[in-house]
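Geometric and topological summary
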Amino acid sequence: MTLKPYKTLLKAAESEFVIHKSRFIGQAAPAQSEEEALAFLNAVRARHPDANHNCYAYIIGPNMGIMRYNDDGEPGGTAGMPIIEVMKARQVTNCAVVVTRYFGGILLGAGGLTRAYAQGCTVAINAAGVGVMHPSVRLLMDVDYPMLNKVEYYLKSAPCLVEEKSFAEVITFSLLVKQTDEAQLMEDLTALSDGRLQPIRFDEMYLAWPEAQA
């Protein structure tokens, strides 16, 4: 099965605002599994034990296969649903959002609540930042010392990242490259070295790439 890029949050973050004396705190974090999403929810609850509501949603899986949300006591459809709809609109997955509310004494009505929780999710996602995770590979490559300068010059503009290099009888490079660029990189290295360079695929993973390379 061909892996596809997906969007997720870059870090855990929060932001807050006040509407008619009710304090809303939007909190978001990356989560690779339901367990991580629920652990994040429990951590938020522990930080805000006296809050009136901790409404949440999370989406898990590169293909958004798992989606859950909860109104935590707010009228049905006014909290968890708006949160997850914003997440779906932003196309983020492998993440969780919790919007905490401290009730200020003024009722907002169903429409007001829906807008407030959607806003809570939006500010949380904006604070966390959205990045694109690309299917990537790690390549290991041995380079003889006479070829080092030539290889390093090429790698400066190549579609890959030099993760590490170690010096022994030869120089061993650890390279990270998006799967979509792997074939071209291998072809370039073969041409550069007249076939002497033979990178070996060592690992596969998803990586967030710099915007210029996304």
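Here, the structure is the one placed above.
In this text the structure is predicted, and so the values were computed from the model without any measurement.

Rules used in this analysis
Sequence order as written defines the numbering, with residues in each chain counted from 1. Local features in this predicted model are restricted to residues whose pLDDT is 70 or higher, and side-chain atom pairs enter the listing and the counts only when it is 80 or higher, whereas totals over whole chains, interfaces and linings include all residues. By convention in this description, side-chain values take in all heavy atoms of the structure and omit both hydrogens and water. Numbered from the N terminus, helices here are DSSP runs of H or I no shorter than four residues, and strands are runs of E no shorter than two. By definition here, a helix of n residues has an expected span of 1.5 Å times n minus one. Working rule for contacts: check all heavy atoms of both residues, and any pair within 4.5 Å makes them a contact. We define the nonpolar core as a collection of buried residues of types Ala, Val, Leu, Ile, Met, Phe, Trp, Tyr and Cys that are connected through side-chain atoms lying within 4.5 Å of one another. Three labels apply to residues, based on accessible area from a 1.4 Å probe with only protein chains included: buried if under 20% of the type maximum, exposed if over 50%, partly exposed otherwise in between. Between the rings of Phe, Tyr and Trp (Trp by its six-membered ring), a pair exists once the centres lie within 6.5 Å; its type follows the angle of the planes, with under 30 degrees stacked, over 60 edge-to-face, and the other angles tilted. Only strands that DSSP links by at least two bridges are regarded as paired with each other. Axes here mean lines fitted to C-alpha atoms, for a helix over just the part in contact, with angles spanning 0 to 180 degrees between N-to-C directions. Note on definitions: salt bridges are taken to be side-chain nitrogens of Lys or Arg within 4 Å of carboxyl oxygens of Asp or Glu.

A closer look at helix α1 (residues 34-47)
With 14 residues, α1 ought to run about 20 Å at 1.5 Å a step, and its terminal C-alpha atoms sit 20 Å apart, in line with that. In this structure, the buried side of α1 is in contact with β3 (22-30), β4 (53-60) and β6 (95-102).

What about the nonpolar core?
The nonpolar side chains of a soluble globular protein tend to be buried with one another. Of all hydrophobic cores here, the largest spans 26 residues; its most connected members are Ile83, Met87, Val97, Tyr117 and Ile125. The set of elements that each furnish at least two residues to this core consists of β2 (13-19), β3, β4, α2 (80-90), β6 and α3 (109-128). The leading source of residues in this core is α3, at 8 residues. In this view, Tyr117 contacts Phe24, His53, Cys55, Glu74, Thr78, Ala79, Pro82, Ile83, Val99 and Arg101; residues no more than four positions away in its chain are not counted. In this structure, Val137, Val151, Tyr154 and Val177 belong to the second largest nonpolar core, which totals 19 residues.

A look at the environment of Met141
Note on placement: Met141 falls in strand β7 (residues 130-143). Residue Met141 is classed as buried on the basis of its relative accessible area of 0%. Separated by 113 residues in sequence, Met141 and Ala28 place their C-alpha atoms 39 Å apart. With sequence-adjacent residues up to four places away left out, Met141 is seen in contact with Val151, Ile171, Thr172, Phe173, Leu175, Leu189, Leu197 and Pro199.

Overview of the packing of aromatic side chains
Scanning the entire structure with this criterion turns up 5 aromatic pairs. Between Phe24 and Tyr117, the aromatic rings sit 5.4 Å apart at their centres with planes inclined by 90°, giving edge-to-face as the arrangement. With a gap of 93 residues between them, Phe24 in strand β3 and Tyr117 in helix α3 connect regions that are remote in the sequence. For Tyr117, a relative accessible area of 0% translates into the label buried. An aromatic cluster is present here, built from Phe17, Phe24 and Tyr117 joined pairwise through their rings.

Quick look at the sheet that holds β2
Strand order in the open sheet formed by 5 strands is β2-β3-β6-β4-β5, and the pairing between neighbours is antiparallel. Only two strands of the sheet have a single neighbouring strand rather than two, namely β2 and β5 (66-70). Taking the axes of each pair of neighbouring strands and ignoring which way they run, one obtains an average angle of 10° across the sheet. The pairing of β4 with β6 spans 7 bridges and is classified as antiparallel. In the strand pairing of β6, Cys55 is matched with Val99. Across the sheet, α2 lies against β4, β5 and β6, angled at about 35° from β4, the strand it touches most. Along the sheet, α3 contacts β2, β3, β4 and β6; its crossing angle with β2, the most-contacted strand, is approximately 150°.

Thoughts on unusual backbone geometry
Glycine aside, residues mostly have negative phi, and peptide bonds are mostly found in the trans state. Even without glycine at this site, His20 takes up a positive phi of about 45°. You can see His20 is positioned in the loop between β2 and β3. The exposure class of His20 is exposed, given its relative accessible area of 52%. Even without being a glycine, Asp72 presents a positive backbone phi close to 45°. Among the secondary structure elements, Asp72 is positioned in the loop between β5 and α2.

Describing the pattern of salt bridges
Taken as a whole and assessed by the stated rule, the structure comprises 10 salt bridges. One salt bridge connects Arg23 with Glu16, and the closest N-O pair in it is separated by 2.9 Å. Classification of Glu16 as partly exposed rests on a relative accessible area of 41%. With a shortest N-O distance of 2.7 Å, Arg138 and Glu163 are connected by a salt bridge.

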